[in-house]
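Summary of the model geometry
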Amino acid sequence: MPDRTLLFHLSDIHFGLEHNRSLDWVAGEIAERKPAAVLITGDLTMRARTREFAAARDWILGLQAPVTVEVGNHDLPYFNLFERFFDPYKKFRGMESVVEKELDLPGIAIVPLKTAARMQPRLDWSKGWVSDAALEKCLNAIDALPAGKRVLVTVHHPLVEVGTKGTALTHGGTRALAELARRKVTAVLSGHVHDPFDMTEQTVNGPVRMIGAGTLSQRIRSTPQSFNELRFEPDGRLCVEARNLQDVPTEAMKIEQVPEDAMPPREPGEPVAPVGAVPRTDPPVH
């Protein structure tokens, strides 16, 4: 029987540059632990190629748990602009049933909020964008839930900065976070930055918790490949553990100050290495 208190939060698998040992480990953990659901917050692929989506589809649909998948910026067509503008979800065919899927679990609802945009009035289209329509759809879904239902909102991009440097701010994210705080959501789950975090953000409507998952790809930044294990305790508290193959403690995995362009350390003792792991070779970044 599935464990109704347990959820797995994965992100940034990047098929095309996936880390197969991690994927085998996670699939095994899902089969053994039987979480109530698996929440994947985007970037299934590296360059939205057909073969990458085929690999992602086979792996995701083979998981032994209910799944919901967010669309990441890497999942929108990179090379075919016609497809990007007019049929951006074309390569998701075969797994449409899990894309941006709301999940209704006992006492818990999973509600998606799309942050990946086909185009933006700025040069870097990899950044997040919360459109009015996407926010309205998310809020309407939350408002329709019965009273007392705990809500987890899944997004790809963090809605506000999470300790990174640079121009990572999601357009419309501050307003979206404030509206989610007004509705007392339990947490907003995201990916994109490839390092785990767990923080509380203050908004004009009160606090809201933000939880980020690491990556299951070769494109690590400051921490090893990992996923988040979420568990609701009997008193209603949501506890988060960042799980990784190197058995680094959860607190050491959480990132407080990571530059947006952070890479693994090149020398022992460099500051962008909170877990003290210096790789033998640099992971691919293309």
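Just above, that's the structure.
None of the values given here were measured: they were computed from a predicted structure.

**Overview of the sheet that holds strand S8 (residues 187–190)**
Reading across the sheet, the six strands line up as S4-S5-S6-S8-S10-S9 and stay open at both edges, with mixed pairing between neighbours. Edge positions in the sheet fall to strand S4 (103–105) and strand S9 (197–203), since each has one partner strand and no second. Strand-to-strand twist of the sheet, defined as the mean angle between neighbouring strand axes without regard to direction, takes the value 25°. Sitting on the sheet, helix H4 (residues 132–143) is in contact with strand S5 (108–112) and strand S6 (150–154), with an inclination near 165° to S5. Set on the sheet, helix H5 (residues 173–182) makes contact with S6, S8, S9 and strand S10 (206–212); between it and S10 the angle comes to about 110°.

**Some remarks on the pattern of salt bridges**
Following the criterion strictly, the structure yields 17 salt bridges and no others. The partner of Arg 243 in a salt bridge is Glu 29, and the shortest N-O contact between them spans 3.0 Å. Placement of the pair is Arg 243 in strand S12 (residues 238–244) and Glu 29 in helix H1 (residues 20–33), with a sequence separation of 214 residues. Salt-bridge contacts for Arg 182 lead to Glu 179; the nearest nitrogen and oxygen are separated by 3.4 Å. Of this pair, Arg 182 and Glu 179 both sit in helix H5, three residues apart, which is roughly one turn of the helix. Taken together, the shared-partner salt bridges in this structure form one network comprising Glu 29, Arg 33, Glu 229 and Arg 243.

**Considerations on empty space enclosed by the protein**
This model, assessed by the stated rule, comprises two cavities of 30 Å³ or more. Approximately 40 Å³ is the volume attributed to the second largest cavity. Along the walls of the second largest cavity sit Pro 196, Phe 197, Asp 198, Asn 228, Val 240, Glu 241, Ala 242, Thr 250 and Lys 254, which together make up its complete lining. Counting residues per element, the ones that place at least two in the lining of the second largest cavity are S9 and S12. When residues in the lining of the second largest cavity are grouped by element, the largest group, three residues, is from S12. Here the lining of the second largest cavity is composed, by residue class, of four nonpolar, two polar and three charged.

About the criteria used
Residues numbered from 1 in each chain as written. Predicted model: local features only at pLDDT ≥ 70, side-chain atom pairs only at ≥ 80, totals over all residues. Heavy atoms only, no water. Pairing = 2+ DSSP bridges. Helix = DSSP H or I, 4+ residues; strand = E, 2+ residues; numbered from the N terminus. Axes fitted to C-alpha atoms, helices over the stretch in contact; angles between N-to-C directions. Contact = heavy atoms within 4.5 Å. Salt bridge = Lys/Arg side-chain N within 4 Å of Asp/Glu carboxyl O. 1 Å grid on protein atoms, 1.4 Å probe; cavity = no way out; pocket = protein on both sides within 12 Å on 5 of 7 lines; lining within 4 Å. Points joined across faces, edges and corners; volume = space filled by probe spheres on them. Nonpolar A, V, L, I, M, F, W, Y, C, P; charged D, E, K, R; others polar.

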